[in-house]
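A look at the structure
Residues per chain, in single letters:
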Amino acid sequence: ILSEYMTEKFKDNPNITVHNFGLSDEDGVFYFGDEQIKWFESTGNDGTGDNNVNLGLGASHFVHHDNTDYPGATKFYNGTYFLENFNTIPPQDLKFIKVDTENRDIQIVSSMKDYFIKHNISPIILFENNYRYFLSIEDAQSLIDDLCNQVGYNPVNLLGPLENVFLLPIKE
């Protein structure tokens, strides 16, 4: 539905191309699971529900699905595949990436590593430090440490109070 809306909204703008896919750290078919939001709005803790409550996307999640015909099913690609096949910015001109993907930021940033290494680039990256939903601190820190070491970013400590994290290239 969102892709159809965006395609219609920007149909007269030649500078915008809408692609109907999602970005993740793994390839596959997913659907946007909003059962918790629907339950709270229709039933809620006291059984009455409240359509005026806005839970935002915090109670949502992505669910693997094998059937691309399933309502809301969307094809997802990893970061390197996206950069190699959909990105129109030449690698040497890619200077800044902002990742905000509802709790999979660290995994997606990490999935771009092969592209950065292949093209010998290290753009500034800004992402939300939201590992807590899907990763242990050890696993999250390991992914970021590996990216920093292999691509050439200054190390960052995910245990800090930072909600947003900048990966900055090491100056030569």
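Summarised in this report is the structure supplied together with it. (Residues numbered from 1 in each chain as written. Predicted model: local features only at pLDDT ≥ 70, side-chain atom pairs only at ≥ 80, totals over all residues. Heavy atoms only, no water.)

Bringing the overall build of the chain into the picture now. A count of helical and extended segments in the chain gives six helices and seven strands. Reading the chain from its N end, one meets helices and strands in the order α-β-β-α-β-β-α-β-α-α-β-α-β. Burial analysis of the chain (172 residues in total) assigns 35% to the buried set. A fraction of 69% describes how many contacts in the chain between residues 6 or more apart in sequence connect residues 24 or more apart. If you sum the accessible surface of the chain, you get close to 11,000 Å²; carbon and sulfur atoms cover 51% of it. (Helix = DSSP H or I, 4+ residues; strand = E, 2+ residues; numbered from the N terminus. Buried < 20%, exposed > 50% of the residue type's maximum accessible area, 1.4 Å probe, protein only. Contact = heavy atoms within 4.5 Å. Areas by Shrake-Rupley, 256 points an atom, 1.4 Å probe, with all protein chains shown as cover.)

Looking now at unusual backbone geometry. Although it is not a glycine, asparagine 120 adopts a positive phi angle of roughly 50°. Secondary-structure assignment places asparagine 120 in the loop between helix 5 (113-119) and strand 6 (124-128).

Turning next to the environment of arginine 104. For arginine 104, the location among the structural elements is in the loop between strand 5 (96-99) and helix 4 (105-111). Measuring from C-alpha to C-alpha, the distance between arginine 104 and asparagine 130 comes to 7.3 Å, with 26 residues separating the pair along the chain. Not counting residues within four places of it along the chain, the set of residues in contact with arginine 104 comprises Ser24, Asp25, Glu26, Asn130 and Phe134.

Moving on, we get to a nonpolar patch on the surface. On the surface, a nonpolar cluster with roughly 290 Å² of combined accessible area is contributed by Phe96, Phe166 and Leu168. Structurally, the position occupied by leucine 168 is in the segment after strand 7 (164-167). Look at leucine 168 and you get partly exposed, because its relative accessible area is 39%. (Patch = residues over 30% accessible without salt bridge, like charges linked within 9 Å, V, L, I, M, F, W, Y side chains within 5 Å. Salt bridge = Lys/Arg side-chain N within 4 Å of Asp/Glu carboxyl O.)

The subject of this paragraph is the sheet that holds strand 6. One open sheet accounts for three strands, arranged 5-6-7; its pairing is mixed. The outermost strands of the open sheet, each flanked by one partner alone, are strand 5 and strand 7. Strand-to-strand twist of the sheet, defined as the mean angle between neighbouring strand axes without regard to direction, takes the value 15°. As defined by bridge partners, strand 6 adjoins strand 7 across four bridges and the pair is classed as antiparallel. Opposite isoleucine 125, over in strand 7, you have leucine 167 as the bridge partner. (Pairing = 2+ DSSP bridges. Axes fitted to C-alpha atoms, helices over the stretch in contact; angles between N-to-C directions.)

The pairing of strand 5 with strand 6 spans four bridges and is classified as parallel. Residue pairing for strand 6: lysine 98 is matched across the bridge by leucine 126.

Taken as a whole and judged by the stated rule, the model has five aromatic pairs. For the ring pair phenylalanine 82 and phenylalanine 86, a centre distance of 6.4 Å and an interplane angle of 15° mean the geometry is stacked. Ring plane angle 70° and centroid distance 6.4 Å describe the contact between tyrosine 115 and phenylalanine 116, whose orientation is recorded as edge-to-face. With respect to burial, tyrosine 115 and phenylalanine 116 carry one shared label: buried. Counting every residue linked through ring pairs, the aromatic cluster contains Tyr77, Tyr81, Phe82 and Phe86. Above the ring of phenylalanine 10, the side-chain terminus of lysine 9 is found at 5.7 Å from the ring centroid. (Phe/Tyr/Trp six-rings, centres within 6.5 Å; stacked < 30°, edge-to-face > 60°. Lys NZ or Arg CZ within 6 Å of the ring centre and 35° of its normal.)

Think of an α-helix as 3.6 residues a turn; residues three or four steps apart then line up on the same face. For helix 6 (residues 137-152), which comprises 16 residues, the first-to-last C-alpha distance of 21 Å matches the rise-based estimate of 22 Å (1.5 Å per residue) to within 8%. Along helix 6, the residues that are buried comprise Ala140, Gln141, Ile144, Leu147, Cys148, Val151 and Gly152. Viewed along the axis of helix 6, the buried residues span an arc of 125°, placing them on a single side of the element. Of the residues in helix 6, the exposed ones pointing more than 90 degrees away from the buried face are Glu138 and Asn149. (Expected span 1.5 Å × (residues − 1). Arc of directions from axis to C-beta.)

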